[in-house]
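Residue-level listing of the chains:
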Amino acid sequence: MHRLRNILANESGISLIELLVAIGLLAIVMAAVTSILISNMMAQQKIDAQFRSQLDVRQALYDMEKNLSEAKRKDAGNNQPIFQEDMVSFPSQNGANWITYIYTNPLGASSRTLMRRITDARPIPPIIVVTTDHQMINITAGGGTTSVERIEGRPIFTYFGADGVQITAPVTTPRNVRSVQVSFQTFVSGGHGFEGDAQAVTRIKLQNY
């Protein structure tokens, strides 16, 4: 017991300089750990944004292929589809409503994406975006940002006749259209700049024409 008291009595603790050095080293370690965590979080955000964008693109193409392929040539009032470079609008397969796909800015957004609108009657251009319009490719979600753009300046929608020859948009004789090509590209950003583009191109045959 006496020996233990002597040992404790000889303990002089640590100096102020040693304490400051220890605090400095701890700060460096904490900064490095924080930097790694932030970098990993931003990388994960980009991965999540890319995955979400890919899902949106696939779903958008599926949606357009399904609805466009079954589009009617006219509705009950003899109204014909609208075929433009940035918009296509047509009577649905059951003829109960009109489906419109348009490349435009969502409300409050500064960049464009593909939007879908369903109405009871043929829309009258120009289309004014409303809150009920659906973003086919969400441009701000999951911690990342997606940009939907033209491919080399080409139109989003291109139209072809039965002979495979392209019909200039806006199409004045909708019944001559036999297929619609949809083409666009997406860029995804999650905090480290834009990734390489992903191109989506598909040709849709109009079955009811």
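Our structure is the block above this text.
The structure displayed is predicted, hence computed values, not measured ones. (Residues numbered from 1 in each chain as written. Predicted model: local features only at pLDDT ≥ 70, side-chain atom pairs only at ≥ 80, totals over all residues. Heavy atoms only, no water.)

A. Seen up close, the overall build of the protein chain. Helices and strands together make up the secondary structure of the protein chain, namely two helices and 11 strands. Starting at the N terminus and walking to the C terminus, you meet the elements of the protein chain as α-α-β-β-β-β-β-β-β-β-β-β-β. Only carbon and sulfur atoms are counted for the fraction: they give 55% of the accessible area of the protein chain, which is about 12,500 Å². (Helix = DSSP H or I, 4+ residues; strand = E, 2+ residues; numbered from the N terminus. Areas by Shrake-Rupley, 256 points an atom, 1.4 Å probe, with all protein chains shown as cover.)

B. Region of interest: the pairing of strand E10 (residues 179-189). A large share of E10 lies buried, amounting to 11 of its 11 residues. Note that strand E8 (residues 157-160) and E10 share four bridges and pair antiparallel. Opposite Phe 157, over in E10, you have Val 182 as the bridge partner. As paired elements, E10 and strand E11 (residues 198-205) share eight bridges and run antiparallel to each other. Along E11, the bridge assignment pairs Gln 181 with Arg 203. (Buried < 20%, exposed > 50% of the residue type's maximum accessible area, 1.4 Å probe, protein only. Pairing = 2+ DSSP bridges.)

C. The arrangement of the packing of aromatic side chains in detail. Applying the stated criterion across every chain yields a total of two aromatic pairs. Centre to centre, the rings of Phe 90 and Tyr 101 are 6.2 Å apart; their planes meet at 40°, and the pair counts as tilted. In this pair, Phe 90 sits in strand E2 (residues 87-91) while Tyr 101 sits in strand E3 (residues 98-104), placing the two residues 11 residues apart along the sequence. Residue Phe 90 is classed as buried on the basis of its relative accessible area of 0%. Taking relative accessible area as the criterion, Tyr 101 reaches 1% and is therefore assigned buried. Over the ring of Tyr 209 we find Arg 73, and its NZ or CZ is 6.0 Å from the ring centre. Above the ring of Phe 160, the side-chain terminus of Arg 203 is found at 3.7 Å from the ring centroid. (Phe/Tyr/Trp six-rings, centres within 6.5 Å; stacked < 30°, edge-to-face > 60°. Lys NZ or Arg CZ within 6 Å of the ring centre and 35° of its normal.)

D. How the structure looks around the sheet that holds strand E5 (residues 134-135). Here five strands make up an open sheet; going across it, the order is E1-E2-E3-E4-E5 and the pairing antiparallel. The open sheet has two edge strands with one neighbour each: strand E1 (82-83) and E5. In this sheet, E2 lies alongside E1 in antiparallel orientation, the contact comprising two bridges. Residue pairing across strands places Ile 82 opposite Ser 89, the latter belonging to E2.

E. Broad picture of the environment of Arg 52. Tracing the backbone through its elements, the reader meets Arg 52 in helix H2 (residues 16-69). For the pair formed by Arg 52 and Asn 138, sequence separation is 86 residues and the distance between their alpha carbons is 8.5 Å.

F. Highlighting the environment of Phe 83. Considering the arrangement of structural elements, one finds Phe 83 in strand E1. In this structure the C-alpha to C-alpha distance between Phe 83 and Pro 170, which are 87 residues apart in sequence, comes to 5.7 Å. Setting aside chain neighbours within four positions, we find Phe 83 in contact with Val 88, Tyr 159, Ala 169, Pro 170, Val 171, Pro 174, Val 177, Leu 206 and Tyr 209. (Contact = heavy atoms within 4.5 Å.)

G. Just a nonpolar patch on the surface, in detail. Side chains of Ile 14, Leu 16, Leu 19, Leu 20 and Ile 23 sit close together on the surface and give an oily, nonpolar patch of about 520 Å² of accessible area. Here Leu 20 is to be found in helix H2. You can call Leu 20 exposed: its relative accessible area is 54%. (Patch = residues over 30% accessible without salt bridge, like charges linked within 9 Å, V, L, I, M, F, W, Y side chains within 5 Å. Salt bridge = Lys/Arg side-chain N within 4 Å of Asp/Glu carboxyl O.)

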